[in-house]
Structure formats: C-alpha cells, structure tokens
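Remarks on the overall topology
The residues making up each chain are set out below.
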There are 2 protein chains.
Amino acid sequence: MGLTTRSLEVLGAFDPDHPVLTLAEVSRRTGVPLTTTHRIVTELLAWGALERRPDGALQIGLRLWQVASVAPRGPSLREVALPFLEDLYVATRENVQLAVRDGHEAVFLERLAGRGSVRVLTRVGDHFALHATGVGLVLLAFAPREVQEEVLAEPLRAWTAYTITDPAVLRRTLAEIRRTGVAISDRQVTEDAVSVASPVRGPDGDVVAALSVVVRHGGVAPASLVPAVLAGATGISRALGAPRPRPLSGARRDPDRPSAHRNGP
Amino acid sequence: MGLTTRSLEVLGAFDPDHPVLTLAEVSRRTGVPLTTTHRIVTELLAWGALERRPDGALQIGLRLWQVASVAPRGPSLREVALPFLEDLYVATRENVQLAVRDGHEAVFLERLAGRGSVRVLTRVGDHFALHATGVGLVLLAFAPREVQEEVLAEPLRAWTAYTITDPAVLRRTLAEIRRTGVAISDRQVTEDAVSVASPVRGPDGDVVAALSVVVRHGGVAPASLVPAVLAGATGISRALGAPRPRPLSGARRDPDRPSAHRNGP
C-alpha cells in the first residue's frame, strides 16, 4: 500500500461514530503500524488535515474540510441547491434532503430539518442503501442499467415490514419511478416516516442527484407534496444548466421563470 | 517534504476558483514533479479522494468530503447550529452566517441565503479577514490576547471607506464588542451590506464560533436584529453545552427554555 493511501486510511479512521481518536486508536483502526501512523499524523497535523485537541486526542482539521468543500458532486452541488431546499423547508417545515449516488449507495449532501420534523436515520455525509429511501429509489431508478442489475442481484435488507425486499417488486417500482419522475418511500426506512423524492438533472440531462421531503406517516398526505418536490427538483436542475423538461400536455410555461431561477445566488 | 504532505498539497491545489484541474495543472500549481503527481493522483483516485470527470480532468471526490464532514470544528458544529440558523433565516429571510476562527482569519462554516438576500463576498469554506466582517470582529474580540495584538500589528486592509483600518479604533471596537456581546459591521465589506454578529460559546465557556445576520444597508435597522442574533447565538451555545449566560438584570428566565433548546435534533 502506498504512503498516500496509508495517509488517506489514517484520515478515513475518523467517522461520525469516531470523530475523535488517539494515535493508538488510529493505528488500531487502520492497521498501519504505530511508528508509520505517528509519522503520517505529524505531517497531517502540520498541514492542518488533522487538529490536536487540548486533551491531546486527534480530530479532522478545518483545512481538510475547506479543501473538501470544493468537491463538485458535494458542497458545490449543495450550494446551487440550497436556496431551493430552503424554499421547500419554509413551505413544509419538514426534513428536506439532497442526495447523490456513490456506487450502490446514496450519500446525503444536505438535510434541512426543523426541531419539529420527524426523526430520520440519515445524517449529512452518511451512506444509505438505494432501495429503501425515496432519494435512493430515485437514484437507483435512473442509475446505469448494470448498477440496477447489481443491486437487484444483492440481498435487499429490510428496515421495516414495508421495505421492498423482492427484486421483482423493486424492478416494477423503479420502472414506475422512471415513468412518473417521483418516488414515494412509505415507512420503508422507519415506521413513522414517508419520503417523497424526485430526480435532479445536470447540464447533459443525466440525473445527478435526488431531492426529497420526509414527513411523518399519517400527517400531511404525501401526494400533496409531489408538486412542491417536483418544482424544487426542476428548479435545481435548471440552476445546474439542465435542458428544459418537456412541458406536460396542456401546461403553460412562463418564459421568465427559468431565467428568474437562474438568477439565484 | 514528506509524501503525505505532497499528497495533501495535491489535494490543496483544488480551491473554489480551481475546482477542476488536469494532472499537468496540479503539478504546476503544487510544484510537485509530474511523475510524482501522477503516482499520488493514481492513489487519490483509487481511494476516492479525487474523481476523474468524463473529460479526464480531476476534481475533489465525494469520499474526501465524507471524511471531512466529521470535522468537529466544521460540519459537526454546523449540524448543531443548523436548526437555529434556519429559525433565524425563516424570521429574517436574510443571509445567516456561521463562522469560526482559523489563525488570523474567519472561515465560514455555513451560510443560508434566500434569492432576495443582499449579495455578500463570502462563500462556505472561504477565509476572510477578521477585522471587517461582523463574525470576524466577534471572533477577534474574543480571540487570545496575542492573536489580537498580531492582527492589530498587521496592515488592516480596507474593502470600503467604512472598513476599520486604524488599530486604535479597532482596539476600541473590540472592547465594545466584548462589553455588549454584539458586533455590527456597517458597510465595512461591501457598500450595501450590514452585519450583526454575536459569539457562540462551547462547553468550557470559550467562544468557538460567531453567528451573524447580514442585511441590506438602508433596509431593516440593524439594532432591530440584535435580539434575534443574540437569542440564536445563545441557543447554539446552549445546544453545545455552554454554561448558562448570566441573566440580564431584571430578566426573568423560564426554567423549561434551556432544556427545550437542548431537545433540538
């Protein structure tokens, strides 16, 4: 293993459940010998990728976060989407989530959640299976054919009695999502949450992310959220430079709206 | 220079103005020889710290952002603060900012901004001088003595005619901020923006961040924003486990409020 990779493994030892580690813990978690870990950590500290706490323990440094904050598929996409997420949050006061696909999983770029919002299992930066959440189902439905087949071939974990675990049912669900442009995950992750999600498209028209609103089951009807989620996803797509969606039959379009959206900060 | 540091320099070549680079550009910007750059980049790509675009150019990868997202002084602090930032945004519909100090500069952890908000120069992840912005003045006012003296000894850059460039005036301003717990930066960064900022304290009572609302000059009176900004900063401090602020003389305190705040997600 190259030293660059070992340095990355040292950084990778820190995760949401282990945000603070001692040198020995880093060595243990990475399998990198203590002396090598010490040499690497010394350089990581000097550069600011790691910071030492008053108690001597190590944590991820601000400088690494600054470098990472220019990741186009992460913060940059989030930056463009944020005004639309805020509009959705102000309109619903519910969890508003933005996610992208990373291999066979969804990664959450952002979540706006009020103190009154229903509890969700996901955190910003977390991975989550594609077949359960609303955003995951959208990302899977529009993923390359081979990715879909690989996921359909894997065992489909159940979080609740409502999680789709039958590949045939999942296949039909994905086709329906491609047809409607909307995914509704009803209590498939937690017993009390329903997610309504829609695809976000990039400049070449490909689906680059998914937007969702998660509400409490038995509260507001999910169907009533579909127009808001669709509008938000379309707005983000337009701000990303996506080609115009085909107008629905009979729908009238205000020629000013797209540019008005593009004028976002 | 160690290979770990060189690997970090390669990552550091990417910034908000250069989010996408070719291998040659990375080598040029870092001064790391092309062959070494190629070896490092190959490992960074394999691990996911970098991603290759369809056109072959390089960009920061999602995995680096995920690792960085556990930085306690960055995303984790932001996560605790977000509900309070949202409350302030909903109440004001103006720029709401959260920043921490990094040496002699402020780093912006978060900015919520509506499409109608006044334009600001700062971006999430950006550095900015401490003596001009509201959050910067707060962070400087509560920084260690030696940091204050170092900044006061440096030339103080002017962004507008209102930027404080006289060390004596800045010294008095910082003392006033420590006395009131509020900083108001009136057109000191841009001609049309006014920032109202207040300190956020950590578990040991030290100032760990600053919260601000930035409004258009000539619009809502800055003084009218002070209670909301103070309340938001106090709420975040409490959620971080800061000791209770001394109640203002005559102020009545509802014993439920702190715990209600701590119950935030």
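Note that the structure is predicted; figures quoted are calculated from it, not measured. (Residues numbered from 1 in each chain as written. Chains lettered and ligands numbered in written order. Predicted model: local features only at pLDDT ≥ 70, side-chain atom pairs only at ≥ 80, totals over all residues. Heavy atoms only, no water.)

Bringing the overall build of chain A into the picture now. When helices and strands are counted, chain A shows ten helices and nine strands. With respect to the principal axes defined by its C-alpha atoms, chain A has extents near 70 × 45 × 40 Å. Considering only contacts in chain A between residues 6 or more positions apart, those separated by 24 or more positions represent 55%. For chain A, the accessible area works out to roughly 11600 Å², and carbon and sulfur atoms hold 53% of it. In chain A, 31 positive and 28 negative side-chain charges are present, and the distance between their average locations comes to 3 Å. (Helix = DSSP H or I, 4+ residues; strand = E, 2+ residues; numbered from the N terminus. Contact = heavy atoms within 4.5 Å. Areas by Shrake-Rupley, 256 points an atom, 1.4 Å probe, with all protein chains shown as cover. Lys, Arg positive; Asp, Glu negative; His and termini not counted. Charge placed at Lys NZ, Arg CZ, Asp CG, Glu CD.)

Let us look at the side chain of A:Q188. Residues and elements named next belong to chain A. Take Q188: it is sitting in the loop between β7 (183–186) and β8 (193–201). Accessibility expressed as a relative area gives 8% for Q188, which makes it buried. Excluding residues within four positions of it along the chain, Q188 makes contact with H131, A132, L137, W159, T160, Y162, T163 and I164. (Buried < 20%, exposed > 50% of the residue type's maximum accessible area, 1.4 Å probe, protein only.)

In this section: the nonpolar core. A:F14, A:I60, A:L85, B:F14, B:I60 and B:L85 are the most contacted members of the largest nonpolar core, which has 98 residues in total. By size, the runner-up hydrophobic cluster in this structure holds 26 residues, among which are B:L140, B:I164, B:L170 and B:A210. (Core = buried A, V, L, I, M, F, W, Y, C linked by side-chain atoms within 4.5 Å.)

This paragraph deals with helix α2 (residues 23–30) of chain A. Residues and elements named next belong to chain A. The set of residues buried in α2 consists of V26, S27 and T30. The buried residues of α2 occupy an angular sector of 100° when projected down its axis, which confines them to one face. Tucked into the core, α2 has its buried residues touching α1 (3–12), β1 (20–21), α3 (34–47) and β3 (58–60). Where α2 terminates, the next one or two residues include G31, which has phi positive at roughly 75°. (Arc of directions from axis to C-beta.)

Glancing now at the packing of helix α2 (residues 23–30) of chain B against helix α3 (residues 34–47) of chain B. Residue and element names in this part refer to chain B. Contact geometry for α2 and α3: axes closest at 9 Å, N-to-C directions at 115°. In the crossing of α2 with α3, the sense of the turn from one axis to the other is right-handed. On α3, the residues that touch L23, A24, V26, S27 and T30 of α2 are L34, T37, H38 and V41. (Axes fitted to C-alpha atoms, helices over the stretch in contact; angles between N-to-C directions. Left-handed = near helix turned anticlockwise from the far one by under 90°.)

With that settled, the discussion passes to the relation of the copies chain A and chain B. Mapping chain A onto chain B calls for a screw motion: a turn of 180° about the axis and a shift of 0.0 Å along it, with 0.0 Å RMSD after fitting. The superposition of one copy onto the other is thereby described by a two-fold rotation axis. Residue A:T4 of chain A places its C-alpha closer to the rotation axis than any other residue of that unit, at 2.9 Å. By residue overlap, the copies meet face to face through one surface: 100% of the interface positions of chain A are interface positions in chain B. (Least-squares fit on C-alpha atoms with pLDDT ≥ 70 in both.)

Attention now goes to the domain arrangement of chain A. Split into domains, chain A comes out as domain 1 (3–68) and domain 2 (75–250). On a C-alpha basis, the centroid separation for the pair domain 1 of chain A and domain 2 of chain A is 33 Å. (Domains from an automatic or database assignment.)

This part covers helix α5 (residues 72–92) of chain B. Residue and element names in this part refer to chain B. For α5, which comprises 21 residues, the first-to-last C-alpha distance of 28 Å matches the rise-based estimate of 30 Å (1.5 Å per residue) to within 8%. A maximum bend of about 50° is found in α5 at A81, where proline P83 lies one to four positions downstream. The first or second residue beyond α5 is R93, which carries a positive phi of 55°. (Expected span 1.5 Å × (residues − 1). Bend = angle between axes of the 7 residues up to and from the residue.)

Another point: the pairing of strand β5 (residues 105–112) of chain B. Residue and element names in this part refer to chain B. The element β5 is extensively covered by neighbouring structure, given that seven of its eight residues are classed as buried. Relative to β5, strand β4 (residues 95–102) is paired through seven bridges, and the arrangement is antiparallel. Among the inter-strand pairings, A99 is bridged to a residue of β5, identified as F108. (Pairing = 2+ DSSP bridges.)

All names here are of chain B. One open sheet holds the three strands; their spatial order is β1-β3-β2, and the pairing between them is antiparallel. The sheet terminates laterally at β1 (20–21) and β2 (50–52), the two strands that pair on one side only. Here α3 sits on the sheet in contact with β2 and β3 (58–60), set at roughly 90° to β2.

This paragraph deals with the interface of chain A and chain B. In this assembly, 61 residues from chain A lie in contact with 61 residues from chain B. Across the chain A/chain B interface, buried area totals approximately 5200 Å², and carbon plus sulfur atoms make up 64% of it. Linking chain A with chain B are four salt bridges. Residue A:R73 pairs with B:E51 through a salt bridge whose shortest N-O separation is 3.4 Å. Counting across the interface, chain A meets chain B through twelve residue pairs in polar contact (both at pLDDT 80 or more). Those elements that provide at least two residues to the side of chain A that touches chain B are α1, α3, β3, α4 (62–68), α5 (72–92), β4 (95–102) and β5 (105–112) of chain A. (Buried area = accessible area lost by both parts, 1.4 Å probe. Salt bridge = Lys/Arg side-chain N within 4 Å of Asp/Glu carboxyl O. Polar contact = N/O pair within 3.5 Å; in protein donor to acceptor, adjacent residues only side chain to side chain.)

Tallying each qualifying case throughout the model produces 18 salt bridges over all chains. A salt bridge links A:E110 to A:R78, with the shortest nitrogen-to-oxygen separation between them at 2.6 Å. Linking A:E110 in strand β5 with A:R78 in helix α5, this pair joins segments that are 32 residues apart in sequence. Note on A:E110: relative accessible area 0%, which makes it buried. Across the pair B:R53 and B:D55 runs a salt bridge whose closest N-O atoms are separated by 3.0 Å. We classify B:D55 as exposed; its relative accessible area is 53%.

Attention now moves to the packing of helix α7 (residues 145–153) of chain B against helix α8 (residues 167–180) of chain B. To characterise two packed helices, one gives the angle between the axes of the helices and the distance between these axes. Residue and element names in this part refer to chain B. Running from N to C, α7 and α8 point in directions that differ by 150°, and their axes come no closer than 10 Å. Relative to α8, the element α7 is oriented roughly antiparallel. Considering how the two elements wind past one another, α7 and α8 form a crossing that is right-handed. In contact with R145, Q148, E149 and L152 of α7, α8 contributes P167, L170, R171, L174 and R178. (Parallel < 35°, antiparallel > 145°, perpendicular 65-115°, else oblique.)

Residues and elements named next belong to chain B. Sheet architecture is open: six strands sit in the order β6-β5-β4-β9-β8-β7, paired in antiparallel fashion. Of all strands in the sheet, those bounded by a partner on one side alone are β6 (127–129) and β7 (183–186). Averaged over neighbouring strand pairs, the angle between their axes works out to 35° when direction is ignored. Two elements, β7 and strand β8 (residues 193–201), share four bridges in a ladder whose sense is antiparallel. Note on β8: the bridge partner recorded for A183 is A197.

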